Every structure is written in C-alpha cells, then in structure tokens.
Amino acid sequence: MQLKSLLISFGLVLITTTLLAWVGSDPTIRIVSPDAVGDADTLAVPLNIKVIQINTAQGIDDAEYWLIEEADGDTYISAAEWDTKTVIPYTGATIEDVNREASFVIAELGTDQLGQDSSYYIVGVGKDLNGDFSADTTLIHEVSMDGDANIADSAIVRFTLEDTR
Amino acid sequence: MKRIKRCEVVLIVILLLAIAIPAFAEAPIGERIDARILSEKAITDTAKVKIVEEEIQKDVIVVSVIVVSVIVVSVIEIPITEVSDSSRKLRKAVQHNIANTNFKKYLREGNTAMAQNCLQALEVDNDVIKTLITGLGKEVPIVKINDFREYKMCRSQTYEGESDENAYVVSDYDMIVKVGDLAIFNITKWSDAIRVVEFMKKNKDKLSAVIIGWGNKGENNFYALDFSKYEGIMKNHEDFFSICKAIKPDLPVGICVAYKDNTMRQWLKACPFNYDFLAVFNINKLGANFEKIQDRFPNQKLMIGGMNAFDDLSLKQEYGGTAYVNYIKELTELGYCGSIWIK
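Residues numbered from 1 in each chain as written. Chains lettered and ligands numbered in written order. Predicted model: local features only at pLDDT ≥ 70, side-chain atom pairs only at ≥ 80, totals over all residues.

1. Comments concerning the overall build of chain B
A count of helices and strands for chain B gives 11 helices and eight strands. When each of the 343 residues of chain B is scored for burial, the buried share is 36%. Put simply, 67% of the contacts in chain B that link residues at least 6 apart link residues at least 24 apart. (Helix = DSSP H or I, 4+ residues; strand = E, 2+ residues; numbered from the N terminus. Buried ≥ 20, exposed ≤ 12 C-beta atoms within 10 Å, placed from the backbone. Contact = placed C-beta atoms within 7 Å.)

Given below as structure tokens:
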C-alpha cells in the first residue's frame, strides 16, 4: 500500500470516527420563578411561573410542566404525590417551539390551584426535535427537590404558599 | 525577583536541548517538510520539491547506514531497493499532494489553464480534463429532486463491500461504484480533489447523488463554533461542488448540516453556492419531529443524513420494522429526498 493511501485511510478513519460522535443535545429546562435552585421561596398568590427552555443543539420541540402538592412535609416527591400531578397551565397543551435564553411566563397560578400554607413542587420536562427528553418521567417519583441524575435541580422546584392576596 | 545563577542557566539549556534534539530528530518527514517550507518561505513548486527531496534523502541515508553497518552487503541489496522504491513513491505522493493543493487554488482563482496544467502534469486522462475544463464556471440550475431514496451506510462510513451498502465516504477512488450509490466526499486536506475529478468522470452515470462535507475533522457546524471560520470552510466545499457540477451538472449535490440550533443558520448563510439538498445530521431517532425539522429549513430539500447514528450501540433501532416503515412514509409525505441509515 502506498504511503499516501495509508495516510488517506488513516485520515478517513479519524474523520469518520469523529462523525458518529457528531450527535448530541443539551436540553435545559430551568424554572426561574419560583427559584428552583434555592427551593426556599415562600410566595403569595397569584404567582407567575417563569421558565427558560433552551437547547443549542437539537432545539426544543415542546415541554411539559406539572404541579404537585406536597403531602407529607418532606422534600421528596413520592410516588403517591407524583400520581396527583396536574398539568400546567391546565389546558393539557404542551409549550411548543420556545427555545431561547430569555425567560417567559407559562402560567399565573391563583387560589383555584394553590392552597394557603401548602407546599408544592413544579417539575418541567422538555423534548427536543430528535425525540429525546430532558428527563425520564417514569423515574421522577422519589426524587428530591435538588434533582438527581435523571432530572436537573433547575427543572424541579419546591415552594410554599404564604398567604392569599 | 530571584536572580538565576549561572549553573542554573546551564542546566536549563541542557534540559531544553535534551527535549528539543530528540523531538527534532524524530520528527516525521511530513512535519519536517512543512516546517522547512514555512521557515525557508518556499513559495515556488521547485523550492518545495527541492525541500521534499532533501528530506527524503535524509531518511534514506539514515536507514542505509544502519543496515550496512549491521548486515552483510549481499543481504542488503533488496532492502536498499525497497527503501529507494519507497522514497520514489513518497516523492511522487508528495508531488501529487502539492499538485492537489495547487489545483484547488487554481480552481478557486478561476484559473482553468493552470488547473488543467496540474492535471496534465499528473497524466490525468485527456478526456477527463476536457470534461472538467468545459464544465467549469458554467451556471448550473438547482436540480429538482422529485424522488425519495433510501440509503444504507456501514458504521465505519467507508465502503465495506456489503451487498446492501449504497452510501459511503469515498476513501478508495478506484472502488467499483454500483448504480444508485451515494458518494460522499469530505473536504479536509486528506481529500484528493484530483482523484475526485477522475472518480466523478468515471462514475457520474452510476451515482444517484453526492454529498460534500462529512465530518470534516471538526470543520462542521457541530464542532466549529467560530462563525468567522465558516466562510473559509465553505470555500473548501465549493472546490468539490465545482468539480462535481462541472462533470455532471444534473447530478444532485448536497452539503451536510448538523441540526444544531445555534450554528446551523450561520453555517448555511456562509455557503456561497446553490446546493441541491441538505443532508441533516444530528437527527438519529425514528421518532424525531420531522415536520418541524423541515420547517426549520424552509424551501430546502432535506435528507436525513445519519439515522441510527448512535455511539451507544444499545440504542440502535430496528431496520425495516414498523417504526422504520412509518419513518420512511413520513419523510416521503413531507417531501424529504432521502434517508441514510447507519447500519
């Protein structure tokens, strides 16, 4: 084999090897308000739920958010609590095609949805155009407000209602 | 600031020499040639060839001395011939490489006479040269692609000789092309534009399409995030586009784009020529939202470039199953022009 052929083959192996790694996505769902990282907000109604959905790679197809009421006073979403989840913003619709750095309001929650002195979780999961999700919803039960390997801390928030306005 | 003693300076110099001397002595011939071309500012072909020959001679002498000093003279006749033969081949390869670089340069400058000279110097067939030169610089309309084609590619992405394989990055320009194949050229320095000319002339009537730019060793919109480099990378694409279109104007020629939201628009904006379709990479799941993907590239013909291209083999999907059939049906209905399935 000529040296040039060898070099070309070697080069192509390098090039094509990197190609299969040429796939990736970095979907981020960030619940900005209430603060999903601090998880210590005590808020009054009505409150705006503000989020950021961003994926610099495969974009955002849609995202879903759920409200879960805290039942046992801990900082974990139990399987029983997860079963009571309701979709925000209650229309059953997903929030489509929003892929940007700027935050936006997905819903205003009032006394119809939130009870005084109760604590709640909001969980957000996004889907990219390749069909991949930012988190696996079947693994979300028994997850702490700080997230885990499946769901990022920024996509799960715990907050408490202070008072009705 | 601490004052450096004389003995410390000596020690540092010795250390530097200890690092530098072996590095220089063991530098591969290619690097040595590149370094000399740069340091001696060799611009002309004659100067470059002189450097190449001198560097080759260095290697030949070193090998010969070692052999002669260890083995009996009568035994070394063949090794020396081999070394000499290798050096001839290497010289030819380097000359070809220089000719290839010059050929691309002349193509860009629109200097067809010099481009023709490069091909003639390498004894490229006159008929091939004539076809290329006649076709260069002509306006080519965008090819209207009405049909949908399914392609299959091996995971190595180069041709493996499997019976159902009909898409590949061309690595052997002498390979036997089947009717309907999709040939892919990467645009790195490893790609040989002159051999592409010959390949295209020989196989133009068998190929169903060509894709330019595949992986490109990081020169793609997945890894390259500096938009200012896109124009230069696209110029490299244009060399191959011009060759393909000069030889077969009605052959669909596409370029690769990674579905990457923060770079793909700038990538396509930097493209100076009218490609016929886009091979969209970074979409590898049968359940992707192909309608929205189509919407992101308005008025473009799309091909899914790397369906099933998973690093993690446990994620591989079933070829030919219900999900696959539905995928092909959906792409066809949405007006895509093809799909490349990574086996």
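Resuming the write-up.
2. A few points about helix α5 (residues 112-121) of chain B
In an α-helix, one full turn covers 3.6 residues, which means residues spaced three or four apart are oriented alike. Residues and elements named next belong to chain B. Among all positions of α5, only A115, C118 and L119 are buried. Axial view of α5: buried residues confined to an arc of 95°, hence all on one face. Away from the buried face of α5 by more than 90 degrees, exposed residues A113 and Q120 are located. Downstream of α5 by a residue or two, E123 has a phi angle that is positive, lying close to 60°. (Arc of directions from axis to C-beta.)

3. Comments concerning the packing of helix α7 (residues 193-203) of chain B against helix α8 (residues 230-247) of chain B
Between two packed helices, what matters for the description is the angle formed by their axes and the separation of those axes. Residues and elements named next belong to chain B. α8 packs onto α7 with a crossing angle of 25° between their chain directions and a minimal axis gap of 9 Å. Classed by the angle they form, the pair α7 and α8 counts as roughly parallel. α7 and α8 meet at a crossing whose hand is right-handed. Between α7 and α8, the residues in contact are A193, V196, V197, M200 and K201 and D239, F240, I243, C244 and I247, respectively. Of the residues assigned to the contact of α7 with α8, the class counts are eight nonpolar, no polar and two charged. (Axes fitted to C-alpha atoms, helices over the stretch in contact; angles between N-to-C directions. Parallel < 35°, antiparallel > 145°, perpendicular 65-115°, else oblique. Left-handed = near helix turned anticlockwise from the far one by under 90°. Nonpolar A, V, L, I, M, F, W, Y, C, P; charged D, E, K, R; others polar.)

4. Remarks on unusual backbone geometry
Note that the residue after S33 of chain A, namely P34 of chain A, is joined by a cis bond; omega there is 0°. Tracing the chain through its elements places P34 of chain A in the loop between β1 (28-33) and β2 (42-45). The omega torsion across V45 of chain A and P46 of chain A is -5°, close enough to zero to call that bond cis. Looking at the secondary structure, you find P46 of chain A in the loop between β2 and β3 (47-54). We note that D39 of chain A has phi near 55°; this positive angle belongs to a residue other than glycine. For D39 of chain A, the location among the structural elements is in the loop between β1 and β2. A positive phi angle is found at N308 of chain B, which is not glycine, with a value near 80°.

5. Quick look at the sheet that holds β3 of chain A
Residue and element names in this part refer to chain A. Pairing is antiparallel in the open sheet, where three strands are placed in the order β1-β3-β8. Two strands bound the open sheet, and with one partner strand each, they are β1 and β8 (104-109). The mean inter-strand angle of the sheet, taken between neighbouring strand axes irrespective of direction, is 25°. Pairing of β1 with β3 involves five bridges; the strand directions are antiparallel. Each residue of the ladder has a partner; that of R30, found in β3, is I52. (Pairing = 2+ DSSP bridges.)

6. Comments concerning the confidence of the model for chain A
Residues and elements named next belong to chain A. Counting all residues, the mean pLDDT for chain A is 84, and 81% of those residues have values of 70 or more. The least confident element of chain A, judged by mean pLDDT, is helix α1 (residues 3-20) at 47; the most confident is strand β9 (residues 119-127) at 95. Taken as a whole, residues 1-18 scores under 50 in pLDDT and shows 32 contacts with residues more than four places along the chain or in a different chain. (pLDDT = per-residue confidence, 0-100.)

7. Structural notes on the environment of A57 of chain A
By the secondary structure assignment, A57 of chain A is in the loop between β3 and β4 (62-69). Looking at A57 of chain A, the number of C-beta atoms within 10 Å reads 22, which means it is buried.

8. Here's the deal with the sheet that holds strand β6 (residues 277-281) of chain B
Residues and elements named next belong to chain B. Spatial ordering of the open sheet is given by β1-β8-β7-β6-β5-β4-β3-β2, a layout of eight strands whose pairing is parallel. Both outer strands of the open sheet, β1 (149-153) and β2 (167-169), are each paired with one neighbouring strand and no more. Neighbour-to-neighbour, the strand axes of this sheet turn through a mean angle of 25°, independent of strand direction. Pairing of strand β5 (residues 253-258) with β6 involves five bridges; the strand directions are parallel. Residue A258 lies in a different strand from β6, and its bridge partner there is F281.

9. Topic: the nonpolar core
Residue and element names in this part refer to chain B. Among the nonpolar cores identified, the biggest contains 76 residues, and I184, V210, I211, I243 and V280 are the most heavily contacted of them. If you tally residues by element for this core, the top one is α8, at nine residues. The residue makeup of this core includes at least three contributed by each of domain 1 (6-123) and domain 2 (149-342). Excluding residues within four positions of it along the chain, I211 makes contact with L182, I184, G254, I255, C256 and A279. (Core = buried A, V, L, I, M, F, W, Y, C linked by C-beta atoms within 7 Å. Domains from an automatic or database assignment.)

10. Comments concerning the domain arrangement of chain B
By a widely used convention, the size of an interface equals the accessible area lost when the partners come together. Residues and elements named next belong to chain B. Taken domain by domain, chain B consists of domain 1 (6-123) and domain 2 (149-342). Counting residues at the interface gives eight residues for domain 1 and seven residues for domain 2. Among the elements that line the side of domain 1 that touches domain 2, the one with the most residues is helix α4 (residues 77-109), at six residues. Across the side of domain 1 that touches domain 2, the residue classes tally to five nonpolar, one polar and two charged.

11. Notes on helix α11 (residues 322-334) of chain B
With 13 residues, α11 of chain B ought to run about 18 Å at 1.5 Å a step, and its terminal C-alpha atoms sit 18 Å apart, in line with that. Note on α11 of chain B: the residue one or two positions beyond its end, G335 of chain B, has a positive phi of about 90°. (Expected span 1.5 Å × (residues − 1).)

12. Considerations on the environment of Y65 of chain A
Residue and element names in this part refer to chain A. Relative to the assigned elements, Y65 resides in strand β4. Between the C-alpha atom of Y65 and that of I156, which follows or precedes it by 91 residues, the distance is 9.6 Å. Not counting chain neighbours up to four residues away, the residues in contact with Y65 comprise I88, I106, I122, V123 and G124.

13. Focus on the environment of F240 of chain B
All names here are of chain B. With respect to the secondary-structure elements, F240 resides in helix α8. Classification of F240 as buried rests on a count of 25 C-beta atoms within 10 Å. Through-space distance from the C-alpha of F240 to that of T131 is 15 Å; in sequence the pair is 109 residues apart. In this view, F240 contacts F185, I187, A193, V196 and I212; residues no more than four positions away in its chain are not counted.

14. Description of the confidence of the model for chain B
Residue and element names in this part refer to chain B. Averaged over every residue, the pLDDT of chain B is 83; the share at 70 or more is 83%. Of the regions scoring below 50 in pLDDT, residues 20-25 engages in zero contacts with residues more than four places distant in sequence or in other chains. Note that residues 61-76 has pLDDT below 50 and, in this model, seven contacts with residues that lie over four places away or in other chains. Model confidence for the complex is summarised by a pTM of 0.75, with the ipTM given as 0.78.

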